[in-house]
Amino acid sequence: MRQRRFLAMPALALLAACSNDSSVKPVNAPGDAERGRMALTQYACHACHTIPGVTGSQVFVGPALDGMASRELIAGKLPNTPENMLRWIMHTQDVSPGNAMPDMGVQEQHARDMAAYLETLK
Ligand code: HEC
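On a predicted model such as this, the values are computed, not experimentally measured, just so you know.

Quick notes on the rules
Residues numbered from 1 in each chain as written. Predicted model: local features only at pLDDT ≥ 70, side-chain atom pairs only at ≥ 80, totals over all residues. Heavy atoms only, no water. Axes fitted to C-alpha atoms, helices over the stretch in contact; angles between N-to-C directions. Helix = DSSP H or I, 4+ residues; strand = E, 2+ residues; numbered from the N terminus. Parallel < 35°, antiparallel > 145°, perpendicular 65-115°, else oblique. Left-handed = near helix turned anticlockwise from the far one by under 90°. Contact = heavy atoms within 4.5 Å. Buried < 20%, exposed > 50% of the residue type's maximum accessible area, 1.4 Å probe, protein only. Near = heavy atom within 4 Å. Polar contact = N/O pair within 3.5 Å; in protein donor to acceptor, adjacent residues only side chain to side chain. 1 Å grid on protein atoms, 1.4 Å probe; cavity = no way out; pocket = protein on both sides within 12 Å on 5 of 7 lines; lining within 4 Å. Sits in = over half its atoms within 2 Å of the grid points. Nonpolar A, V, L, I, M, F, W, Y, C, P; charged D, E, K, R; others polar.

Trainee: How should the packing of helix α3 (residues 82-90) against helix α5 (residues 108-119) be read in this particular structure?
Mentor: A pair of packed helices is captured by two measures, namely the crossing angle of their axes and the spacing between those axes. Relative to each other, α3 and α5 sit at 120°, their axes nearing to 9 Å. On the basis of the axis angle, α3 is oblique to α5. When you trace α3 past α5, the crossing you get is right-handed. Within the contact between the two elements, α3 uses E83, M85, L86, I89 and M90 and α5 uses E108, A111, R112, M114, A115 and L118.

In structure tokens:
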């Protein structure tokens, strides 16, 4: 019985969180750059990348992402299209096995938002 009560609590909290958040978007909504900027922080992308507009120290484990929108290729491999940016962010290791950027477990909507933000970095 104890256990059941414990299980019910998070589910209720989740329901409450959903119904209170009027900004929840349907799956596969177009990317939202402002949310993307926040997601880049939440997923700690700035632990390895210097990203304009995303607060963090200057780090150079990965390439700085300024001017990302103007680059021809993503990681020197993929043509820089929005779909490929999703692939890169979500499945880095499939695209380029063994590269120093780990798969970060980014959800699709978060990846879309990040891609939208990176699009603004001309
Ligand atoms: C552990 C360090 C690390 C983390 C964390 C990391 N990256 Fe990277 N990232 C890299 C490295 C290293 C590369 C270069 C890979 C290559 O060129 O093969 C890279 C490449 C990239 C590129 C391509 C850059 C270019 O110049 O073409 C993008 C875009 C990118 N990362 C986005 C992200 C996003 C978004 C996140 C957070 C979800 C993230 N990275 C988290 C290390 C990291």
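Trainee: Would you take a moment to explain unusual backbone geometry for this structure?
Mentor: A negative phi holds for most residues other than glycine; trans holds for most peptide bonds. The phi dihedral of A44 falls on the positive side, at around 60°, and the residue is not glycine. Its place among the elements puts A44 in the loop between α2 (33-42) and β1 (73-74). You will see that A75, though not glycine, has its phi angle at about 50°, which is positive. Along the polypeptide, A75 turns up in the loop between β1 and β2 (78-79). In this structure A75 comes out as partly exposed when scored by relative accessible area, which is 47%.

Trainee: Where do I start with the site of the ligand in this structure?
Mentor: Surrounding the ligand, one finds 24 residues, the nearest of these being C45, C48, H49, R71 and M101. Take H49: an N or O atom from its side chain is 2.8 Å from a nitrogen atom of the ligand. At a threshold of 2 Å from the grid points, most atoms of the ligand map onto the largest pocket. Only β1 and α3 provide two or more residues apiece to the shell around the ligand. Top element by residues in the shell around the ligand is α3. It accounts for three residues. Class assignment of the residues belonging to the shell around the ligand gives a composition of 20 nonpolar, three polar and one charged.

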